[in-house]
Amino acid sequence: MRIDIITVVPDILKSPFQASIMKRSIDKGLVEVNLHNLRDYTDTNYKQVDDYQFGGGAGMVMMIEPIDKCISKLKSERDYDEIIYMTPDGNTLNQSIANQLSLKGNLIILCGHYKGVDQRVRDHFITKEISIGDYVLSGGELGALILCDAIIRLIPGVLGNETSALTDSFQDNLLAPPIYTRPAEYNGWKVPDVLTSGNFPKIETWREEQAYQRTKERRPDLLEE
Ligand code: ADE
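Definitions and limits used
Residues numbered from 1 in each chain as written. Predicted model: local features only at pLDDT ≥ 70, side-chain atom pairs only at ≥ 80, totals over all residues. Heavy atoms only, no water. Helix = DSSP H or I, 4+ residues; strand = E, 2+ residues; numbered from the N terminus. Buried < 20%, exposed > 50% of the residue type's maximum accessible area, 1.4 Å probe, protein only. Lys, Arg positive; Asp, Glu negative; His and termini not counted. Salt bridge = Lys/Arg side-chain N within 4 Å of Asp/Glu carboxyl O. Polar contact = N/O pair within 3.5 Å; in protein donor to acceptor, adjacent residues only side chain to side chain. Contact = heavy atoms within 4.5 Å. UniProt positions renumbered as here; feature names shortened; annotations may be inferred. Near = heavy atom within 4 Å. Areas by Shrake-Rupley, 256 points an atom, 1.4 Å probe, with all protein chains shown as cover. Nonpolar A, V, L, I, M, F, W, Y, C, P; charged D, E, K, R; others polar. Pairing = 2+ DSSP bridges. Axes fitted to C-alpha atoms, helices over the stretch in contact; angles between N-to-C directions.

A. Inspection of the side chain of E141 at higher detail. Structurally, the position occupied by E141 is in helix α6 (residues 141–152). R39 provides the closest opposite charge to the buried, salt-bridge-free E141, at an N-O distance of 9.2 Å. In terms of polar contacts, E141 uses its side chain to reach the side chain of T7, at 2.6 Å. When sequence neighbours within four positions are dropped, the list of residues in contact with E141 reads T7, V8, V9, I12, L13, C111, G112 and H113.

This is the structure:
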């Protein structure tokens, strides 16, 4: 998979791709991430990428021209499956969206800043709009990172068996069951006997029951879906 991220603050995005699972996926050649500084696509002296909004009002708007230049250059080099705009008024990211995007080949992610982008960008270039939740961030970059992490860990070969994505919360509309590791007793607090019993069908049944119970208590809405 190839991900091209368009931003006015590439520095925010650099280090998360240089550690842990996202770095490993890049090192293994399973993912290629390219950061594009929108200011490289403007001819103006001040590297201007934003301007006042028509009709007045506080806050700057990202201009269409540099975004058009950047997206058009990328599209002239390869086909893209989706051109995603990170915005608080997009579809809220969930596991199903992450699953679908993890199957794609080439993605562009456009990060908004200031008040957001000129509506014509959304009307003519964007194929998907994604929010990471009902709160407003100062830019789309952190949202883009969350989206990338959620997608990349699902790509076959990125996670080893020991951290398989199949048993994650939400993967089957259930939260994950409780988990424990050594020691089997700490401060008198014991791990449930079933987990140390070696009876794997029983363990499986216990996990399913716990996942259901936890979902019922914490996220009953998931059971209704
Ligand atoms: N940009 C600003 N707020 C955002 C949010 N909640 N999700 C995605 N992008 C954003």
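B. Seen up close, the UniProt feature "binding site: S-adenosyl-L-methionine" (unreviewed entry) in the protein chain. Under the local residue numbering, the UniProt record ascribes the feature "binding site: S-adenosyl-L-methionine" (unreviewed entry) to G112, I132, G133, D134, Y135, V136 and L137. As for its position among the elements, G133 is in the loop between β7 (128–131) and α6. Of the residues examined, G133 reaches a relative accessible area of 8% and is grouped as buried. Note on placement: V136 falls in the loop between β7 and α6.

C. Quick peek at the site of the ligand. Near the ligand, the surroundings consist of M86, T87, P88, I130, S131, I132, G133, Y135, V136, L137, G139 and G140. Contact distances for the ligand include 2.9 Å between a nitrogen atom and a backbone N or O atom of I132. Taking G133, its main chain carries an N or O atom lying 3.1 Å from a nitrogen atom of the ligand. Isolated, the ligand exposes 270 Å² of accessible area, and the fraction of that covered by the protein chains is 96%. Within the residue set of the shell around the ligand, elements represented by two or more residues are β5 (82–92) and β7. Element by element, the count of residues in the shell around the ligand is highest for β5, at three residues. Among the residues forming the shell around the ligand, the class breakdown is seven nonpolar, five polar and no charged.

D. Geometry of the sheet that holds strand β1 (residues 2–7). Read from one edge to the other, the open sheet built from five strands follows the order β2-β1-β6-β5-β7, with strand pairing classed as parallel. Each end of this open sheet is capped by a strand with a single partner; those strands are β2 (32–37) and β7. On average, each strand axis in the sheet is inclined to that of its neighbour by 30°, with strand direction left out of account. Bridge analysis of β5 against β7 gives five bridges, and the strand direction is parallel. Its bridge partner lying in β7, T92 is registered against S131. Seen against the sheet, helix α4 (residues 95–102) touches β5, β6 (106–111) and β7 and runs at an angle of roughly 175° to β5.

E. Structural view of the pattern of salt bridges. A complete count under the given rule lists 14 salt bridges for this structure. Taking the shortest distance from any N to any O, the salt bridge between R153 and D168 comes out at 2.5 Å. Residue R153 is found in the loop between α6 and β8 (185–186), and its partner D168 is found in the loop between α6 and β8; the two are separated by 15 residues along the sequence. The class for D168 is buried, based on a relative accessible area of 18%. Salt bridges linked by common partners bring R2, D4 and E32 together as one network.

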